[in-house]
Amino acid sequence: FQLSWAVVTILYIPGCNMKMVPVPDQAFGNFFEGDCYIVLYVNSAPSMDIHYWIGNLSSQDEQGAAAILVTQLDEYLKGSPVQHREVQGAESTKFRSYFKNNLIYKKGGVASGFHHIESNIYNILRLLQVKGRKHVTATEVEVSWNSFNKGDIFLLDMGKVIVQWNGPQSNRSEKLKALLLAHDIRDRERGGRAQIGVVEGNAEEDSPELMKIMRAILGQRSGPLKEALPDDTPDYCQQTANVRLYNVSDRSGQLVVQEIATQPLTQDLLDSSDCYIVDQGGSSVFVWKGMHASKEERRSALSRAVGFIKAKNYPSSTNVEVMAEGGESAMFKHLFKSWREKGQTQGLGNVYSTGSIAKVEQVKFDVMELHAHPEQAAQQRMVDDASGQVQIWRIEKLELRELHPSSYGLFYAGDCYLVLYTYMRAKKQQYILYMWQGCHATQDEIAACAYQAVAVDNKYNGEAVQVRVVMGKEPRHFLAIFKGKLIIFEGGTSRSGVTSPEPAVRLFQVRGTNEFNTKATEVPARSSSLNTNDVFLLKTDMFFYMWYGKGCSGDEREMGRVVSDVVSRQEKQVVMEGQEPAEFWVALGGKAPYCSDKRLQNEKPPHNPRLFECSNQTGRFMMTEVEDFAQEDLDQDDVMLLDTWEEIFLWIGKSANEYETKEACNSALEYLRTHPAGRSPDTPIISVKQGYEPPTFTGWFNAWDPHKCSGDISYEEIKKKLGDVSSTSQITVVSDLPTPVFTNFKVCKKIFFMSL
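Here is what the cut-offs are and how they apply
Residues numbered from 1 in each chain as written. Predicted model: local features only at pLDDT ≥ 70, side-chain atom pairs only at ≥ 80, totals over all residues. Heavy atoms only, no water. Helix = DSSP H or I, 4+ residues; strand = E, 2+ residues; numbered from the N terminus. Expected span 1.5 Å × (residues − 1). Buried < 20%, exposed > 50% of the residue type's maximum accessible area, 1.4 Å probe, protein only. Arc of directions from axis to C-beta. Phe/Tyr/Trp six-rings, centres within 6.5 Å; stacked < 30°, edge-to-face > 60°. Lys NZ or Arg CZ within 6 Å of the ring centre and 35° of its normal. Pairing = 2+ DSSP bridges. Axes fitted to C-alpha atoms, helices over the stretch in contact; angles between N-to-C directions. Contact = heavy atoms within 4.5 Å. Core = buried A, V, L, I, M, F, W, Y, C linked by side-chain atoms within 4.5 Å. Salt bridge = Lys/Arg side-chain N within 4 Å of Asp/Glu carboxyl O. Polar contact = N/O pair within 3.5 Å; in protein donor to acceptor, adjacent residues only side chain to side chain. Right-handed = clockwise from strand over helix to strand, strands pointing away. Lys, Arg positive; Asp, Glu negative; His and termini not counted. Parallel < 35°, antiparallel > 145°, perpendicular 65-115°, else oblique. Left-handed = near helix turned anticlockwise from the far one by under 90°. Nonpolar A, V, L, I, M, F, W, Y, C, P; charged D, E, K, R; others polar.

## Structural notes on helix α15 (residues 658-673)
Okay, so step 1: Helix length check: α15, at 16 residues, gives a terminal C-alpha distance of 23 Å against a target of 22 Å (1.5 Å per residue), a fit within 8%.
Okay, so step 2: Within the span of α15, buried status applies to E660, A664, S667, A668, Y671 and L672. End-on view of α15: buried residues confined to an arc of 125°, all on one side of the axis. Of the exposed residues in α15, the ones pointing more than 90 degrees away from its buried face are E658, K662 and R673.

## A word on unusual backbone geometry
Okay, so step 1: Phi at A386 takes a positive value of approximately 65°, unusual for a residue other than glycine.
Okay, so step 2: Take A386: it is sitting in the loop between α9 (374-380) and β20 (389-396).
Okay, so step 3: Judged by relative accessible area, which is 1%, A386 ranks as buried.
Okay, so step 4: Of note, the phi angle at L398 is positive, near 65°, even though the residue is not glycine.
Okay, so step 5: For L398, a relative accessible area of 29% corresponds to the partly exposed category.

## Quick notes on the packing of aromatic side chains
Okay, so step 1: Summed over all chains, the structure comprises 35 aromatic pairs.
Okay, so step 2: With a centroid separation of 5.4 Å and an interplanar angle of 70°, the aromatic rings of F649 and F697 are classed as edge-to-face. Taken as a pair, F649 in strand β35 (residues 648-652) and F697 in helix α16 (residues 695-698) lie far apart in primary sequence, 48 residues in all. Neither residue differs from the other here; F649 and F697 are each classed as buried.
Okay, so step 3: Here the aromatic residues F31, Y37, Y41, W53, F95, Y98 and Y105 are joined through ring pairs into a cluster of three or more.
Okay, so step 4: Sitting above the plane of the W145 ring, R221 keeps its charged end 4.7 Å from the centroid.
Okay, so step 5: Here the guanidinium or amino end of K572 rests over the ring plane of F544, the centre of that ring lying 5.4 Å away.

## Looking at the sheet that holds strand β26 (residues 486-489)
Okay, so step 1: In spatial order, the strands read β22-β26-β28-β27-β29-β30-β31; together these 7 strands make up an open sheet with mixed pairing. Strands with a single pairing partner mark the edges of an open sheet, and in this sheet they are β22 (410-412) and β31 (572-576). On average, adjacent strands in this sheet sit at an angle of 25° to one another, irrespective of strand direction.
Okay, so step 2: In terms of strand pairing, strand β27 (residues 505-511) meets strand β29 (residues 535-540) through 6 bridges, oriented antiparallel. Bridge assignment links V510 to a residue of β29, and that residue is V535.
Okay, so step 3: Set on the sheet, helix α12 (residues 554-567) makes contact with β22, β26, β27, β28 (519-523), β29, β30 (544-548) and β31; between it and β29 the angle comes to about 25°.

## Considering the nonpolar core
Okay, so step 1: The biggest cluster of nonpolar side chains holds 29 residues, and the ones touching the most others in it are I38, I50, Y52 and I277.
Okay, so step 2: Only β4 (36-42), β5 (48-54), α1 (60-76), β13 (243-249), β15 (275-280), β16 (284-289), α6 (301-311) and β17 (319-324) provide two or more residues apiece to this core.
Okay, so step 3: Looking at which element gives the most residues to this core, the answer is α6, with 6 residues.
Okay, so step 4: Not counting residues up to four positions away in its chain, the partners in contact with Y52 are Y37, I38, Q63, A66, A67, V70, H84, R85, E86, L302 and V306.
Okay, so step 5: Listed in part, the 25 residues of the second largest apolar core include V383, W436, V469 and A480.

## Let's talk about the pattern of salt bridges
Okay, so step 1: One pass over the structure, following the stated rule, counts 24 salt bridges.
Okay, so step 2: A salt bridge links K539 to E502; the nearest nitrogen and oxygen atoms lie 3.3 Å apart. Placement of K539 in strand β29 and of E502 in the loop between β26 and β27 is noted, with a sequence separation of 37 residues between them.
Okay, so step 3: The exposure class of K539 is buried, given its relative accessible area of 14%.
Okay, so step 4: One salt bridge in this structure joins E670 and R673, with 2.6 Å as the shortest N-O distance. With a gap of 3 residues between them, E670 and R673 both fall in helix α15, about one helical turn apart.
Okay, so step 5: Residue E670 is classed as partly exposed on the basis of its relative accessible area, which comes to 38%.
Okay, so step 6: By relative accessible area, R673 is classed as exposed at 57%.
Okay, so step 7: Within the structure, one salt-bridge network assembled from shared partners comprises E502, R506, E522 and K539.

## Points about the side chain of D415
Okay, so step 1: Positionally, D415 belongs in the loop between β22 and β23 (416-425).
Okay, so step 2: Reaching out from D415, the side chain makes a polar contact with the side chain of Y417 at a distance of 3.2 Å.

## Thoughts on the pairing of β31
Within a regular beta strand, the side chains point alternately toward one face of the sheet and then the other, so they alternate between its two faces.
Okay, so step 1: Looking at chain direction, β30 and β31 are connected through 5 bridges and run parallel. Of the residues in β31, the one forming a bridge with M546 is V574.
Okay, so step 2: Once the chain exits β30 it traverses α12 before rejoining the sheet at β31, and the crossover so formed is right-handed.

## A closer look at the side chain of E321
Okay, so step 1: Structurally, the position occupied by E321 is in strand β17.
Okay, so step 2: We note that E321 is buried and unpaired, the nearest opposite charge coming from K94 at a distance of 7.4 Å.
Okay, so step 3: E321 has contacts with V82, Q83, H84, V285, F286, V287, S329 and M331, leaving out every residue within four places of it along the chain.

## Thoughts on the pairing of β27
Okay, so step 1: With 5 of its 7 residues buried, β27 lies for the most part within the structure.
Okay, so step 2: As paired elements, β27 and β28 share 5 bridges and run antiparallel to each other. Bridged to V510 within β28 is A520.

## Overview of the packing of helix α3 (residues 172-189) against helix α17 (residues 715-722)
Okay, so step 1: Where α3 meets α17, the axes come as close as 9 Å, and the angle between the chain directions of the two elements is 40°. Classified by the interaxial angle, the pair formed by α3 and α17 is oblique. In this structure, α3 meets α17 at a crossing whose hand is left-handed. Together, R172, K175, L176, L179, L180 and H183 of α3 and Y715, E716, I718, K719 and L722 of α17 make up the contact between the two elements.
Okay, so step 2: Class assignment for the residues of the contact of α3 with α17 results in 6 nonpolar, 1 polar and 4 charged.

Printed below as a string of structure tokens:
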């Protein structure tokens, strides 16, 4: 296996030779219906996930090859990844979360010609049917009015122009997601050099020029539109209490599957010498491989799960997860009454790496070791020890402005940056191009950042690995580049000519235990921003305090000292939680409640928090889980359910309707009642309104920004910025050619760049 150890690696399996072929980065999110794919994901923890995706039109040979190759890849990685079986149209929320922008299903497969998606290619004509709100899927359909209906959104992609047609019954959130998808296609596949127009299906007469273009491609529409089709969304949370545990053993010489327990399950039922199947009422099937199970039992785990699904007459789209002992997924742990990690340590401050046999050890980096053992590089998400060459540019007036090395690591939330990292591998230079987007950067700057990244990549013959980094989601290698001295300033910008007075009081939250994983993020200078689990730096004109929460470790305190020297040369005073002087609280505007949960001080929570979106915008009430959640995932149009195990939070968005609010409360009770782990129905349920979140809620989100939601851009604002395509270009459709060609294309001087 020759793999590039980036965050996500995708390989597809063409039917012609049944070998894995790497998918180019630009094609991530595009899947041919006639192929199978393998997706390797390295998440923020030292663990991996392997997904094999089955297209609806793929052959049995391809599906069998995918299963075999997944098993081989798992063995190559020493059994540490969690394996997932994904079926087109029924993908798990975890799989969908990798492709924040979209999933696009394309007709055909490799036999019909697989080509790398390249920037600035305009010879395209396709119609995409867009479905979904939180995770969008776009399916390539026949370019005809017969494909349209009243409820969905359609993108007519003609290369230089993309027309979005909104079904009369589609909602605002769906329109926004579809428009962001159109932006992503323009920026990622066309280098930002395509125009987007929007047609409202219930007011086509308001867009005569765009309708003229559509009619030139699709012909005159005859007859009424089809009625809206119900969204086939299998990823809603339909919890079931019917959970059963099966033992899989070959001790008798034959593989035997035997039921041994029903919910609620306990961890002591799992024996390291065997393999087990956990059936969650047919909605999901999990396979657990004990570390001392026989090689045959471990190798056949995935095929046994598929056979189990067939024997039970479950749908072929049933989700399957296969995991090794010590590498259990959060979903799997939630099926048990309690779960304790082997070698679990006290305190949340230490970050550990879990090896393939559940041995807990401190991470130690050796660049030669990483090159010699790529599986270790993947586990640590580190291509090297981050000692390569660094070059950084800031986006200024939509152009690149190179920064002086003295300012490396000082990032501002109002800016966008390009970070080019160069390192050696096999005596050849390799490049990683990070595109860092501040949360307060304008849409123009974000789009320009993507555009300029293409230009920089072209200078290196397209060899750079491009990584989009959103503020607050920095990958480990990116953090390591700055040797524990990355500081993100909340307000203002570092652009020349733009001056803003430095606040009299600044508060920084420091997270990390070594130079490879540490960063400091500026948070609102108030008492409610504190968290008992972290180190905080309080800077004023008169003094500088280093505040140590009771839950932080010695390593975290040491990294706090390192960062403090970068923030200020003032003399530092150490303040332990509970021993703060009066001046400390005065600087923060007075004492106030903050996140000081005793569980965060004493030991690692037994279960990870989970976030669900509660919505009825598709016509029925649904709960959809949000993987790897952040504050940005809180949708003001919906109600969100945050499960922290000992309490349930219902976050009510400003625009959530009364029905959603009422059903969310009922669903929270049903969620507890039917939870496979036998949760107490008396678990506290806490309702939180947007804008009034208590620290017990915000403490579960990293660097919570109380003003973030007020700055979200709406569908109407994005649409308004697009303007009218007909006013900025003249388009002539040559309809007598096999593929329509656009000529006389004139772009005005002012172009609005939009991007996710």
